[in-house]
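Examination of the molecular architecture
Each chain, letter by letter, is given below.
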Number of protein chains: 2
Amino acid sequence: MMKFNAKTETENIIEFIRDYYKKNKLDGAIIGISGGKDSGVVAGLFTEALGKENIIGVTMPCHTVATAKSDAKLVSDYYGFKLVNFDIGNVFDTFKEELANLGNFSKEETENSDINLKPRLRMATLYYLAALYSAVNKKKYLVAGTSNKGELYVGYFTKGGDSVHDISVLADFFVDEVIQIGEYIKVPEKVLYKTPNDDLSNLSDEDKLGFTYDDVKRYCDDEVNVDEKTAAKIKKMHDANLHKFNIPTYRRNKN
Amino acid sequence: MMKFNAKTETENIIEFIRDYYKKNKLDGAIIGISGGKDSGVVAGLFTEALGKENIIGVTMPCHTVATAKSDAKLVSDYYGFKLVNFDIGNVFDTFKEELANLGNFSKEETENSDINLKPRLRMATLYYLAALYSAVNKKKYLVAGTSNKGELYVGYFTKGGDSVHDISVLADFFVDEVIQIGEYIKVPEKVLYKTPNDDLSNLSDEDKLGFTYDDVKRYCDDEVNVDEKTAAKIKKMHDANLHKFNIPTYRRNKN
């Protein structure tokens, strides 16, 4: 396995952001700040690249615990960028009220829909604010994505939710590498070493998956192995979620 | 230019849908029915491919005129599939109420954000209902996309909105070809020959663009030409929207 150089990668990411922004005449970034490591590291990288005055962090609670918001504030306080709060709880509730017009559905029937509605409302909120603050501040803001390589490999994201963004800087790094980058740019420790969860099901991501992201990394590395059962689980999820990357599209008859 | 054979293409699309569904053990389709030609043709094609009992059409008004809903009903009545109404007006209004917590913004400042929030809420609604009816009816529903080739070429769609779907059957056809397919499968005439608009700005799509989709077709065809000014407009919009197809992503240093 190749040695990971957090300093080099961090510097290259910052250069990558600056180059893209300069080339496309852009100014700032809107970043959803969950209080977890990925968004903390992304916020740090964009602040280093663009300056704190060009970053707007957004917390988007949805009937969720207050620690997410206070952990997000640890990040914005440390890097000095503006943090705004947009509570999507009422939007979510209004959606559910409208749904009642279609019938009475059980908790089991709506569970999967409810879980994925939240990241989709968050995506819509981030894009709303990006266009709004672009108009208000006369700057061009992009929505920065926070997905890392392990999540992407197994497709652990919501189509039309966190998968929709304008620029992606962690997509080629596994979680241990994200942490090393975070250590290099001094993301607050409470945020950087937090166990990731989806903020919805009270289970950690890894509990739900049945394997760890370190397993995914080992699985993706030709030189290392994971046990057969774990490998089968990872392969199954990867294959089942391939459709999230590639929309089947009819192409016309060329004869 | 190649002669267009509506019968062959229609039959091939239906076969394409059936093959994909069979291969992936899927059952039905959720389709947002705007009352316009694209969604009318898509609804007809999926009904032919999967049977009316496997199609659910969805109208999603947002403070919009009643004709959209009654035109959608022309389509569902003709093909015989279930049509449900999910009014996103209250969801939209609740979102705006939350926004007021961030400040007072002028109509000009929120205009672009408002326009694009609607297709994003519609996308979230379609995916909500797809997962819900999959659970309720013990069937697997996909969200069917309705974008055509001309719209895609110039990037006339909302990222995270109508661009997010699970299967796409009109993406390789220009609007005149979509109409010919619609004629072959007998989409109600009022719907099929309607002037497209975004249901938001009271302008037709083509008025807003400053060129017609026939211009885009001619521009894309090597053998035909459009005038220089129109060509420049089309090229400019195509180039400006390329970012919607390709998220810039940092890749690690390989040295």
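Because the structure is predicted, anything quoted here is derived from the model rather than measured. (Residues numbered from 1 in each chain as written. Chains lettered and ligands numbered in written order. Predicted model: local features only at pLDDT ≥ 70, side-chain atom pairs only at ≥ 80, totals over all residues. Heavy atoms only, no water.)

Another point: the side chain of S39 of chain A. Residue and element names in this part refer to chain A. Along the chain, the position of S39 falls in helix α2 (residues 37-50). When its relative accessible area of 3% is taken as the criterion, S39 is described as buried. With residues up to four places along the chain from it excluded, the contact list for S39 reads I31, G32, I33, S34 and T146. (Helix = DSSP H or I, 4+ residues; strand = E, 2+ residues; numbered from the N terminus. Buried < 20%, exposed > 50% of the residue type's maximum accessible area, 1.4 Å probe, protein only. Contact = heavy atoms within 4.5 Å.)

All names here are of chain A. Running from amino to carboxyl end, helix α1 (residues 6-23) crosses helix α7 (residues 175-184) at an angle of 80°, the nearest separation of the two axes being 9 Å. Judged by the inter-axis angle, α1 sits roughly perpendicular to α7. From α1, A6, K7, T10, E11 and I13 reach across to α7, where they touch Q180, I181 and Y184. A breakdown of the residues in the contact of α1 with α7 according to their chemical character gives four nonpolar, two polar and two charged. (Axes fitted to C-alpha atoms, helices over the stretch in contact; angles between N-to-C directions. Parallel < 35°, antiparallel > 145°, perpendicular 65-115°, else oblique. Nonpolar A, V, L, I, M, F, W, Y, C, P; charged D, E, K, R; others polar.)

Residue and element names in this part refer to chain A. Among the residues of α7, those classed as buried are V175, E177, V178, I179, I181 and G182. Residues of α7 that are buried in the fold lie against α1, α2, α8 (189-192) and α10 (213-220). Backbone geometry just downstream of α7 places K186 in the positive-phi region, at approximately 60°.

On to the confidence of the model for chain A, then. On average, residues of chain A score 93 in pLDDT, and 96% of them are at 70 or above. Across the assembled chains, the prediction reports ipTM 0.94 with pTM 0.95. (pLDDT = per-residue confidence, 0-100.)

This next bit is on the relation of the copies chain B and chain A. With an RMSD of 0.0 Å, the fit of chain B onto chain A corresponds to turning through 180° and sliding 0.0 Å along the axis. On the angle and the small slide along the axis, the relation comes out as a two-fold axis. (Least-squares fit on C-alpha atoms with pLDDT ≥ 70 in both.)

Okay, the interface of chain B and chain A next. Each side of the interface is counted separately: chain B has 64 residues, and chain A has 63 residues. Summed over both sides, the interface of chain B with chain A buries roughly 5,800 Å², with 64% coming from carbon and sulfur. Per-residue buried area on chain B facing chain A is highest for Y128, Y250 and R252 of chain B; these three make up 16% of the total on that side. Our count for the contact surface shared by chain B and chain A stands at six salt bridges. Between chain B and chain A we count 25 residue pairs in polar contact (both at pLDDT 80 or more) in total. Of all the secondary structure elements, the ones that give two or more residues to the side of chain B that touches chain A are α1 (6-23), β3 (82-85), α4 (89-99), α5 (107-137) and β5 (167-168) of chain B. Counting residues per element, the side of chain B that touches chain A draws most heavily on α5 of chain B, which supplies 19 residues. (Buried area = accessible area lost by both parts, 1.4 Å probe. Salt bridge = Lys/Arg side-chain N within 4 Å of Asp/Glu carboxyl O. Polar contact = N/O pair within 3.5 Å; in protein donor to acceptor, adjacent residues only side chain to side chain.)

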